[in-house]
Amino acid sequence: MTHAPSNENAMTLTARQLDAYLERIGVERPVSLDFAGLSRLHRAHLMAFTWEALDAFMGWPNAVTPASAFAKMVEGRRGGWCYEMNGLFGAALAALGFNVTRLCGGVDREKLGDAAIGNHLTLRVDLDRPYLAEVGVADAIIAPVPLAVGPFSQRGFDFSIVPTADGWLRFNNHAQGIAKSFDFRADHSDEAALAATQAWLMQDAGSPFTHALAVLRHTAEGYVALQNDRLRIVTPTVAQERRITSADHLAETFETVFDLDIPRPARVWDRIQSIGRAKAA
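All of these numbers come straight from a predicted model, not from anything done at the bench. (Residues numbered from 1 in each chain as written. Predicted model: local features only at pLDDT ≥ 70, side-chain atom pairs only at ≥ 80, totals over all residues. Heavy atoms only, no water.)

For Glu84, the location among the structural elements is in helix α5 (residues 82-96). By relative accessible area, which is 2% here, Glu84 ends up buried. A distance of 3.1 Å separates a polar atom in the side chain of Glu84 from a polar atom in the side chain of Lys72. (Helix = DSSP H or I, 4+ residues; strand = E, 2+ residues; numbered from the N terminus. Buried < 20%, exposed > 50% of the residue type's maximum accessible area, 1.4 Å probe, protein only. Polar contact = N/O pair within 3.5 Å; in protein donor to acceptor, adjacent residues only side chain to side chain.)

Throughout the structure, instances matching the rule amount to 1 cavity of 30 Å³ or more. Here the largest cavity defines a volume of roughly 40 Å³. Along its surface, the largest cavity is lined by Asp139, His174, Gln176, Ile178, Leu216, Tyr223, Ala225, Arg232 and Val234. Every element with two or more residues in the lining of the largest cavity is listed here: β11 (223-227) and β12 (230-234). (1 Å grid on protein atoms, 1.4 Å probe; cavity = no way out; pocket = protein on both sides within 12 Å on 5 of 7 lines; lining within 4 Å. Points joined across faces, edges and corners; volume = space filled by probe spheres on them.)

Negative phi is the rule for most residues except glycine; trans is the rule for most peptide bonds. A cis amide bond links Arg29 with the next residue in sequence, Pro30, at an omega value of 0°. By the element assignment, Pro30 lies in the loop between α1 (15-25) and α2 (35-48). If you check the backbone angles, Arg155 has positive phi at about 55° while not being a glycine. Looking at the secondary structure, you find Arg155 in the loop between β6 (150-154) and β7 (157-163). In this structure, Asn228 is a non-glycine residue whose phi angle is positive, near 55°. Residue classification places Asn228 among the buried positions, given a relative accessible area of 18%.

What follows concerns the sheet that holds strand β5 (residues 145-146). The 8 strands are arranged β5-β4-β3-β2-β9-β8-β7-β6 in an open sheet whose pairing can be described as antiparallel. Because the sheet does not close on itself, it has two edges, and the strands there are β5 and β6. (Pairing = 2+ DSSP bridges.)

This part covers the sheet that holds β11. With respect to topology, 5 strands assemble into an open sheet ordered β1-β10-β11-β12-β13, the strand pairing being antiparallel. Each end of this open sheet is capped by a strand with a single partner; those strands are β1 (51-52) and β13 (239-243).

Looking now at the packing of aromatic side chains. Evaluated as defined, the whole model comprises 11 aromatic pairs. Pairing Tyr21 with Phe49 gives two aromatic rings, centres 6.3 Å apart and planes at 20°, and the pair type is stacked. In this pair, Tyr21 sits in helix α1 while Phe49 sits in the loop between α2 and β1, placing the two residues 28 residues apart along the sequence. Like Tyr21, the residue Phe49 is buried in the burial classification. In this structure, Arg185 packs its charged tip against the face of Trp168, placed 4.6 Å from the ring centre. Sitting over the ring of Phe57, Arg271 keeps its end group 5.0 Å from the ring centre. (Phe/Tyr/Trp six-rings, centres within 6.5 Å; stacked < 30°, edge-to-face > 60°. Lys NZ or Arg CZ within 6 Å of the ring centre and 35° of its normal.)

This part takes up the layout of surface pockets. Unoccupied space between atoms shows up once a probe the size of one water molecule is rolled over them. Put simply, the largest pocket is a space of about 740 Å³. Among the elements that line the lining of the largest pocket, the one with the most residues is helix α7 (residues 191-203), at 3 residues. Its residues placed into classes, the lining of the largest pocket shows 20 nonpolar, 7 polar and 3 charged. (Nonpolar A, V, L, I, M, F, W, Y, C, P; charged D, E, K, R; others polar.)

What follows is the structure, encoded as structure tokens:
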């Protein structure tokens, strides 16, 4: 397989930013530029940062650049969605010397068609072979995998990469995953599509993120996911659900479960409640 070189939009971090990022995820140098080093960083990133789309849900400002993600996630105590999670991770990898390419993909393209292309940023890292580095799906892989067709398992969860009839690759999430799949091509980068779709997801009433709260985080055994007022705790064998019952309960959940510093969490609770009332009406 022939690959295009890493595009300039991989956008590395400065030396100061890289040091701060590594401190934030708890990784000390040296970091080897091989699969072991990539895997170490991949897991550390996911255990340090929470996937969250609060900006879209609350109408707060959001930008797709790694510099913006750095300010929000490293200098602040926030998480991010795929554009920020994979964007920051890719920028850090590039700053360390990894060969990174930002790929333009589409979550649920099997249902939405090509309109989905641009709603997901993922990463290809070229080492001894191409690898898929993916920290932006929130409840999927915790370590990078070879960019190759076939099934694989991590921590008791089953995944696969399969070819589609029209020449794309489809990453299938585990059976309990919130995002069931995303499509990508190993050589398809489109920064304009990523930026345009991010803007749509942030603002449009049809966006799945403007009218539903979504916050997810990896745990030692699996994942924890907050969808509006439902908190799900998922392992390969068990899925438990709890309800968030008040603004104080939500604030405590942000702090203790997701390690997030969310301004005015009572406003988030008010929006959850108002959306619930609108659906019930």
